[in-house]
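What the coordinates show
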Amino acid sequence: MPKSKKSSDARSVAEPEIRQTCGDNLGFSGSKRKPYSRRSKDANKAEGTVPELRASGGQKRPGGPPSCGEEVVTKKQSEDRSLQTQSHKSSSCSSSKATHTKSSRKAAEKKAEGAVPELRSSGGQKRPTPSCGEEVVTKKQPEDRSLQTQSHKSSSCSSSKATHTKSSRKARAEKFYTKGELLGRGGFGSVYAGTRKSDGLPVALKYAKKLEDDEIQLPGLDRPLPREVGLLKTVNSPSHPNVLRLYDWFDRRSSYVMAMERPDPCQDLAEYCERQGGALGEGEARHITRQLLGALQHCRQHGVVHRDVKPENILVQTDTRQIKLIDFGCGDPLKDTPYAEFSGTESYQPPEWFEKQEFQAGPGTVWSVGVTLFQMLCGALPFTTFNSGAMQQVYFPEGLSPGLRDFISCCLRPRAEDRPTLGQLQLHPWLHQ
């Protein structure tokens, strides 16, 4: 059978999925506050002295910026120092945040001179300079690391929130589905038998390569999606008994995976006809055509045109004779203007395509229905030469009923404007015999 084509070639690819996570959270550290004394700043600068500080235990220690929770004591202490200490502890952490930029600059200057101040706790023992957040900064760490850490933590978490929706589609298909044997390979992907792990439901897993600029935005969808995913989601809202259902899909870097309905047992219509001796009887062909028209009309009502109607894209469940329209990889959103880009299978294209390289959605779809029905009944294509001159007249083999011939002739009228609509075809007397 002829293969479907699109403007750019593609093949099936199965690549590793992508996961995105938020970066590690790092704490904020290194906050300090500015030292002070009762002497004027000018006097301190002139003499090059540093005010003498005392821990709450009364012992002297070298000058330097005290941490949160430690007090600054002058030589003349008042007896109510303990009350001032409690008040000072409450205000020191707030003032350290307000003066963080200035104290960071002073700390950087002290580091350049190789001097990092030592502080004493209330018990009188030495300890490194702590921050208000209880994280210790060693002598080898830069004092401004806290700013970089805080910025990194903020940007990492913001990035995680922004990509949460997108990454939620990136789970591995194999986590939820068991992949089985290859069912078929087409121009846009490969299809495997599969089983849903949660309940054993038979599915078809289609692995398709992403095409450049092939995402589409359709009404009712919150963002652009790969063409076939978007079209299937559209025609499945609500679903139709003769259109294949899409259960789930998984996004990957350069491909995607779709988990779809798999009728069992089933065959595509081309294979089904071959196993029936190459052609079907009128009664069975009528039953299939009636279902096909219902599926195509449903797609049209939901703003989708399939563009590749042929026996290979129609599944037949062999025990019930119910059909499913599949493979929307060549489809498009429905529009009133002509389609000027080739998509589909050449032997199912109408004569206006070969004459003007464009066709309308409705008449083009009706033409492909006529070709498909002819092949079901006759085991061959109605035309072997594809140009507008050679496709003016269709020749029928003997044995076909007048009503069937009229139905096919209506579909294969050379002029697009002379062909019936899908709705008019559904009312044709041959379908209701």
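What you are looking at is a predicted structure, and each value in this text was computed from that prediction instead of being measured. Position numbers for residues count from 1 along each chain, tracking the sequence in the order it is written. Local features are withheld for residues below a pLDDT of 70 in this predicted model, meaning they are given only at 70 or higher, and side-chain atom pairs are given and counted only at 80 or more; totals for whole chains, interfaces and linings count all residues. Computation of side-chain values covers all heavy atoms of the structure but excludes hydrogens and water.

Turning to the environment of Glu341, a few remarks are in order. Runs of E in the DSSP output that reach at least two residues are strands. Runs of H or I that reach at least four are helices, and both are numbered from the N terminus. Mapped onto the elements, Glu341 comes out in the loop between strand S16 (332-333) and helix H8 (351-356). Buried residues are those whose accessible area, probed at 1.4 Å on protein chains only, stays under 20% of the maximum for their type, while exposed residues exceed 50% and partly exposed ones sit between those limits. With a relative accessible area of 39%, Glu341 lands in the partly exposed category. Here the alpha-carbon distance between Glu341 and Phe359, two residues 18 residues apart in the chain, equals 9.4 Å.

Glancing now at the pattern of salt bridges. Should a side-chain nitrogen of Lys or Arg be within 4 Å of a carboxyl oxygen of Asp or Glu, the pair is scored as a salt bridge. Counted according to the given criterion, the structure contains 15 salt bridges. One salt bridge in this structure joins Asp214 and Arg227, with 2.8 Å as the shortest N-O distance. With a gap of 13 residues between them, Asp214 in the loop between strand S7 (202-209) and strand S8 (215-216) and Arg227 in helix H5 (residues 227-235) connect regions that are remote in the sequence. Side by side, Asp214 and Arg227 carry an identical accessibility label, which is buried.

Before going further, it helps to examine the sheet that holds strand S15 (residues 322-325). For two strands to be treated as a pair, DSSP must find no fewer than two bridges joining them. Taken in spatial order, the 3 strands line up as S12-S14-S15 in an open sheet, and their pairing is antiparallel. The open sheet has two edge strands, strand S12 (266-268) and S15, and neither has a second partner. Shown here is a sheet whose adjacent strand axes are inclined to one another by a mean of 25°, direction ignored. The contact criterion used throughout is that any non-hydrogen atoms of two residues lie within 4.5 Å. Orientation is described by axes fitted as lines to C-alpha atoms, over the contacting stretch for helices, and by angles from 0 to 180 degrees between their N-to-C directions. Its contacts with the sheet put helix H7 (residues 282-301) on strand S14 (314-317) and S15, and the angle it makes with S15 is roughly 35°.

The rule is simple: put a 1 Å grid over the protein atoms alone, call a set of points where a 1.4 Å probe fits but cannot get out a cavity, call an open set with protein on both sides within 12 Å along at least five of seven lines a pocket, and count a residue as lining if it has an atom within 4 Å of a point. Grid points are joined across faces, edges and corners, and a volume is the space filled by probe spheres set on the points. Considering all chains together, one arrives at 1 cavity of 30 Å³ or more under this definition. In this structure, the largest cavity encloses a volume near 120 Å³. The wall of the largest cavity is formed by 13 residues, among which Arg307, Asp308, Gly364, Thr365 and Ser368 lie closest to the centre. Sort the elements by how many residues they give to the lining of the largest cavity and helix H9 (residues 361-378) lands first, with 4 residues. Classification convention: Asp, Glu, Lys, Arg as charged; Ala, Val, Leu, Ile, Met, Phe, Trp, Tyr, Cys, Pro as nonpolar; all other residues, Gly among them, as polar. Classifying every residue of the lining of the largest cavity gives 6 nonpolar, 5 polar and 2 charged.

Okay, the packing of H9 against helix H10 (residues 402-411) next. The interhelical angle for the contact between H9 and H10, taken along N-to-C directions, is 145°, at an axis separation of 7 Å. Note on packing geometry: the crossing formed by H9 with H10 is left-handed. Facing H9, whose interface residues are Val366, Trp367, Gly370, Leu373, Phe374 and Leu377, H10 presents Leu404, Phe407, Ile408 and Cys411. Of the residues contributing to the contact of H9 with H10, the split by class is 9 nonpolar, 1 polar and no charged. Helix crossings are classified by the rotation of the near helix relative to the far one: an anticlockwise turn of less than a right angle makes the crossing left-handed, while a clockwise turn makes it right-handed.

Here is the key point about a regular strand: its side chains alternate between the two faces of the sheet. Of all 8 residues in S7, 6 are buried, a share of seventy percent or more. Hairpin geometry of strand S6 (residues 189-196) and S7 is characterised by an intervening segment of 5 residues between the two adjacent antiparallel strands and by a positive phi of about 75° at Gly200. As paired elements, S7 and strand S11 (residues 255-261) share 7 bridges and run antiparallel to each other. In the sheet register, Leu205 faces S11, and the bridge partner there is Ala259.

Every second residue of S14 is oriented toward a common face, with Ile314 and Val316 on one face and Leu315 and Gln317 on the other, all of them buried. Bridging between S12 and S14 involves 3 bridges; their strand directions are antiparallel. Among the inter-strand pairings, Asp268 is bridged to a residue of S14, identified as Leu315. With 4 bridges connecting them, S14 and S15 associate as antiparallel partners. Its bridge partner being in S15, Val316 is matched across the sheet by Ile323. Between S14 and S15, which pair antiparallel one after the other, the connecting turn spans 4 residues, and Arg321 there sits at a positive phi close to 65°.

What follows covers H9. Within an α-helix, residues lying three or four positions from one another point in the same direction, as the helix has 3.6 residues per turn. Its 18 residues give H9 an end-to-end C-alpha distance of 26 Å, which sits within 8% of 26 Å, the value for a rise of 1.5 Å per residue. Taken from the residues just after H9, Gly379 is the one with a positive phi, measuring 75°. Multiplying 1.5 Å by the residue count of a helix minus one yields the expected span of that helix.

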